[in-house]
Amino acid sequence: MARSLLGLMLSARRSARLRGHQLGNWEVLDAARDRARTHCRKCGMGVDIIRRPAPNEIDVAGQAVALNCQ
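Computed from a prediction, not measured in an experiment: that's the story for all the values here.

**Some details on the side chain of T38**
Right, on to step 1. Within the fold, T38 resides in strand β2 (residues 35-39).
Right, on to step 2. Among the polar contacts made by the side chain of T38, one reaches the main-chain carbonyl oxygen of G24 at a distance of 3.1 Å.
Right, on to step 3. Polar side-chain contacts of T38 include one of 3.1 Å to the backbone oxygen of N25.
Right, on to step 4. Contacts of T38, omitting those with residues within four sequence positions, involve L23, G24, N25, W26, M45, G46 and V47.

So this is what it looks like as structure tokens:
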């Protein structure tokens, strides 16, 4: 079952904030509203979300959710 785009955005923002990032506005990458991307305003690390990931993909990914802000 696909999670909502808003739910994924909130989850990614929460995870990135715990690592010290300040995420900017989201850019929706496709017309179906299944993918979006944003970057940290301080260091530039990014986050990508995919509402319906393929079996070899994950729904929330990127340096800003994996590494601390520099």
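**Thoughts on the nonpolar core**
Right, on to step 1. Core analysis: the largest hydrophobic core is formed by 16 residues, its most contacted members being L23, W26, V47, I49 and V60.
Right, on to step 2. Elements with a contribution of two residues or more to this core: α1 (5-18), β3 (46-50) and α2 (63-66).
Right, on to step 3. Of all the elements, α1 adds the most residues to this core, at five residues.
Right, on to step 4. Once you skip the residues sitting within four places of it in the chain, W26 turns out to touch M9, A12, R13, A36, R37, T38, V47 and I49.

Conventions used here
Residues numbered from 1 in each chain as written. Predicted model: local features only at pLDDT ≥ 70, side-chain atom pairs only at ≥ 80, totals over all residues. Heavy atoms only, no water. Helix = DSSP H or I, 4+ residues; strand = E, 2+ residues; numbered from the N terminus. Polar contact = N/O pair within 3.5 Å; in protein donor to acceptor, adjacent residues only side chain to side chain. Contact = heavy atoms within 4.5 Å. Core = buried A, V, L, I, M, F, W, Y, C linked by side-chain atoms within 4.5 Å. Buried < 20%, exposed > 50% of the residue type's maximum accessible area, 1.4 Å probe, protein only.

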